[in-house]
Amino acid sequence: MELALTARTDGDFEIIEVGGEIDVYTAPRLREAIVAAVDAGHIRLIVDVRKVDFLDSTGLGVLVGALKRVRADGGSLDIVCTQERILKIFQITGLDKVFGLHASVEEARTAQP
């Protein structure tokens, strides 16, 4: 399965929409997209994973690394996720307490940092 990535700016937010599988093979592409956004000056990120079918520990590592990077600059990284199996991964790992998990991009935009 391929990884589909699109990025767009919406006000203060850079929204990265991800589809497909985030695994050891595709995670570097997600990392590159996040690094490009941060290098362009975006520190308020929303990663929309509603179209992600699979997420492994490599993908989680990319998201955690991105969170550390934007927080160091006073930014935020929120996740938009509605799929139970992906949400369960965040819950099992305890990352549901680290990331803001939201049902929509609009909900993530209005969440307090």
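Below you will find a few notes about this structure. The residue count restarts for each chain, going from 1 along the sequence in the order it is written. For a predicted model such as this one, the threshold for reporting local features is a pLDDT of at least 70, and the threshold for listing and counting side-chain atom pairs is 80 or more; totals across whole chains, interfaces and linings nevertheless cover every residue. Note that the side-chain values use all heavy atoms of the structure and ignore hydrogens as well as water.

## Points about the nonpolar core
In a soluble, globular protein the nonpolar side chains are often hidden away together inside. Core analysis: the largest hydrophobic core is formed by 28 residues, its most contacted members being Ile-22, Leu-30, Leu-77, Ile-79 and Phe-90. The secondary structure listing takes helices from DSSP runs of H or I that are at least 4 residues long and strands from runs of E that are at least 2 residues long, numbered from the N terminus. Element by element, the count of residues in this core is highest for helix α2 (residues 57–72), at six residues. Throughout, a residue-residue contact means that at least one pair of heavy atoms, one from each residue, lies within 4.5 Å. Excluding residues that lie within four positions of it along the chain, Ile-79 makes contacts with Val-47, Val-49, Leu-63, Phe-90, Phe-99, Gly-100, Leu-101 and His-102. For this analysis, a nonpolar core means a set of buried residues of the types Ala, Val, Leu, Ile, Met, Phe, Trp, Tyr and Cys, connected via side-chain atoms within 4.5 Å. Burial classes follow relative accessibility: with a 1.4 Å probe on protein chains only, a residue under 20% of its type's maximum area counts as buried, one over 50% as exposed, and anything between as partly exposed. Phe-13, Ile-15, Val-105 and Ala-108 belong to the second largest nonpolar core, which has six residues in total.

## Thoughts on the pairing of strand β4 (residues 76–80)
A large share of β4 lies buried, amounting to five of its five residues. Alternating residues of β4 divide into Ser-76, Asp-78 and Val-80 and Leu-77 and Ile-79, and every residue in both groups is buried. Only strands joined by at least two bridges in the DSSP assignment are considered to pair. As defined by bridge partners, strand β3 (residues 44–55) adjoins β4 across five bridges and the pair is classed as parallel. When the bridges of β4 are listed, Ile-46 appears paired with Asp-78. Between the parallel elements β3 and β4, the chain passes through α2 in a crossover that is right-handed. Judged from the three bridges that link them, β4 and strand β5 (residues 100–102) form a sheet pairing that is parallel. Paired with Ile-79 across the strands is Leu-101, a residue of β5. Here is how to tell: hold the view so the strands point away, follow the path from the first strand over the helix to the second, and if it runs clockwise the crossover is right-handed.

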